[in-house]
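Residue-level structure breakdown
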Amino acid sequence: MGTTPVRRICVIGASGKLGRYMVRHALDRGLEVVGVCRERSVPKLSEFADRITVVPGATNDPEVIRRAVAGCDGVLTVLVPWGVQQYSSGTAQAVLDHAEPDARLVFSCGWHISRDGGDRYSWKLRLAMRIITPLARLVRAVDVNDQVEACRRIFASDRRWTVVRGSDLEEGDSQGLPVWSRHVGDPVLASNLTRRVDFALFMVEALTDDTLVHEAPAIVGRRSPSALAHAAEAERGATGP
Ligand SMILES: NC(=O)c1ccc[n+]([C@@H]2O[C@H](COP(=O)([O-])OP(=O)(O)OC[C@H]3O[C@@H](n4cnc5c(N)ncnc54)[C@H](OP(=O)(O)O)[C@@H]3O)[C@@H](O)[C@H]2O)c1
């Protein structure tokens, strides 16, 4: 683990499910939190009342982001491909442009994002992406390619970024920090399931883990069958035959 000092953070997309889990983890750690969300979603943050500062606005509005990230040592960004107005890439660009020079920047996305083309996807995921991507764009609901563009810009940046790639998600109590691997298709990830609360935990922990700078970890729940099998194998390897 690195020793990046983090005191004040910004959560962009704070009102969503992942966002609210991240706010909770951050407050539990005694961090000062600024949250950005759409004006109409501000009530979804009422549980945090006067414990956080809320900056209402579109997350791809550079002026909103500039105000929100000022003075923050870390920025946690929920990248979502909503609509067809460059929501993801606009959000990522605003963060890259306006975050403090040394801030730790942690972005969320899914396994479908590939950094180096070394990921091996199941036929189910490949088929789903082939069908969903054009259909979703056709009805102007989601533009997955814009999330791909957002990540391309992040990967090309010399900022201190991490892109956390989430597996399928489920609700439930925390199982602890997820395990990760560089490539989808690695056996440890085979279970393809993470608790959303733990996805958020990984994002918050990444703020102070410098080994994750310029990494795109693909994560899976630490108590998922594939993670447990991998841990047992590592243990056997450590103790020898
Ligand atoms: N869902 C999955 O199974 C899954 C799997 C792998 C990875 N991920 C990744 O996890 C992250 C969040 O996933 P999540 O499922 O937990 O979602 P979430 O936290 O509920 O986040 C949804 C976000 O999208 C915003 N949003 C919703 N509709 C919008 C619209 N029309 N225009 C603009 N913003 C809108 C929400 O803001 P409001 O509060 O304002 O609505 C919220 O900030 C994403 O990065 C995603 O790629 C998800």
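Structural notes, computed from the coordinates.

Analysis parameters
Residues numbered from 1 in each chain as written. Predicted model: local features only at pLDDT ≥ 70, side-chain atom pairs only at ≥ 80, totals over all residues. Axes fitted to C-alpha atoms, helices over the stretch in contact; angles between N-to-C directions. Helix = DSSP H or I, 4+ residues; strand = E, 2+ residues; numbered from the N terminus. Parallel < 35°, antiparallel > 145°, perpendicular 65-115°, else oblique. Left-handed = near helix turned anticlockwise from the far one by under 90°. Contact = placed C-beta atoms within 7 Å. Expected span 1.5 Å × (residues − 1). Buried ≥ 20, exposed ≤ 12 C-beta atoms within 10 Å, placed from the backbone. Arc of directions from axis to C-beta.

1. Describing the packing of helix H3 (residues 87–98) against helix H5 (residues 144–156)
- The geometry of H3 relative to H5 is characterised by a closest axis approach of 7 Å and an angle of 20° between their N-to-C directions. Relative to H5, the element H3 lies roughly parallel. Seen from above, H3 lies across H5 with right-handed handedness. Contact residues: Tyr-87, Ser-88, Ser-89, Thr-91, Ala-92, Gln-93 and Leu-96 in H3; Asp-146, Gln-147, Glu-149, Ala-150, Arg-153 and Ile-154 in H5.

2. Quick word on H3
- The end-to-end C-alpha distance of H3 is 16 Å, a good match for the 16 Å that 12 residues give at a rise of 1.5 Å each.
- Listed in full, the buried residues belonging to H3 are Tyr-87, Ser-88, Ser-89, Thr-91, Ala-92, Ala-94, Val-95 and Leu-96.

3. Thoughts on the environment of Ala-128
- With respect to the element layout, Ala-128 can be found in helix H4 (residues 123–138).
- For Ala-128, a count of 13 C-beta atoms within 10 Å puts it in the partly exposed group.
- Taking C-alpha positions, Ala-128 is 35 Å from His-98, a pair spaced 30 residues apart along the chain.

4. Topic: helix H2 (residues 62–69)
- Looking at H2, one finds that the buried residues are Val-64, Ile-65, Ala-68 and Val-69. Projection of H2 onto a plane perpendicular to its axis shows the buried side chains occupying an angular sector of 110°, all on one side.
- Where the residues of H2 are buried, they touch strand S1 (8–12), strand S2 (32–37), strand S3 (53–56), strand S4 (74–78) and H3.
- Residue Gly-71 follows H2 closely and has a positive phi angle near 80°.

Purely geometric numbers; function is a separate question.
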